[in-house]
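# Architecture and fold: a report
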Amino acid sequence: MTPQQVVLTAQTLLLDWGDGPLRLTHVQLRAACRCSQCEAARRQGRGQTPAQDIRITRVEPLGHYAVQLVFSDGHDRGIYPWSMLRQLAA
Ligand SMILES: [Zn+2]
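Every value quoted in this text rests on a predicted model; they were computed, and no experiment measured them.

Listed under "domain: Gamma-butyrobetaine hydroxylase-like N-terminal" (unreviewed entry) in the UniProt record, and renumbered for this structure, are residues 10-86. Between the first and last C-alpha atoms of residues 10-86 the distance is 20 Å; the span itself is 25% helix and 35% strand.

Following this line, the structure appears as structure tokens:
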């Protein structure tokens, strides 16, 4: 379900499904990336803690179910379903 409000702030992505704003930090979101590249790195124990100054530079809606986040390190492969973001923020 698409949130009613999606606001990118300096440190967080604010999401509101109508029951109060939820916030996820850019660092938290970069760490939660589930693209094949990040998943493989995690499986091989090469998962890295993102730099604390990592920032989301673009938020691209993908239909009604997900959003693509582009990060300041150039990483743009992460697809984040709204349902996953809601769980992550809960
Ligand atoms: Zn990734």
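Enumeration over the complete set of coordinates arrives at zero aromatic pairs. Positioned above the aromatic ring of Phe71, the side-chain terminus of Arg30 is 5.7 Å from the ring centre.

Within the protein, the zinc ion binds to Cys33 (SG), Cys35 (SG), Cys38 (SG) and His75 (NE2); these donor distances fall in the range 2.1 to 2.3 Å. Geometry at the zinc ion is tetrahedral, judged from the four donor atoms that bind it and their angles of 101 to 116° at the metal. Counting residues between consecutive donors of the zinc ion along the chain gives the motif C-x1-C-x2-C-x36-H. Of the two residues examined, Cys33 and Cys35, each falls in the buried class.

Turning next to the pairing of strand 4 (residues 56-62). Examined bridge by bridge, strand 4 and strand 5 (residues 66-71) share six bridges and lie antiparallel to one another. When the bridges of strand 5 are listed, Pro61 appears paired with Val67. Linking strand 4 to strand 5, which pair antiparallel, is a turn of three residues; within it Gly63 sits at a positive phi near 60°.

Along the chain, His26 falls in helix 1 (residues 26-31). What makes His26 buried here is its relative accessible area of 1%. One polar contact links the side chain of His26 to the main-chain amide nitrogen of Thr12, over a distance of 3.3 Å. Not counting chain neighbours up to four residues away, the residues in contact with His26 comprise Leu8, Thr9, Ala10, Gln11, Thr12, Leu13, Ile54, Arg55, Ile56 and Phe71.

Definitions and limits used
Residues numbered from 1 in each chain as written. Predicted model: local features only at pLDDT ≥ 70, side-chain atom pairs only at ≥ 80, totals over all residues. Heavy atoms only, no water. UniProt positions renumbered as here; feature names shortened; annotations may be inferred. Helix = DSSP H or I, 4+ residues; strand = E, 2+ residues; numbered from the N terminus. Phe/Tyr/Trp six-rings, centres within 6.5 Å; stacked < 30°, edge-to-face > 60°. Lys NZ or Arg CZ within 6 Å of the ring centre and 35° of its normal. Donors = N, O, S within 2.8 Å, 3.2 Å for Na, K, Ca; no water. Tetrahedral: all angles 85-135°; square planar, octahedral: opposite > 155°, others 65-115°. Buried < 20%, exposed > 50% of the residue type's maximum accessible area, 1.4 Å probe, protein only. Pairing = 2+ DSSP bridges. Polar contact = N/O pair within 3.5 Å; in protein donor to acceptor, adjacent residues only side chain to side chain. Contact = heavy atoms within 4.5 Å.

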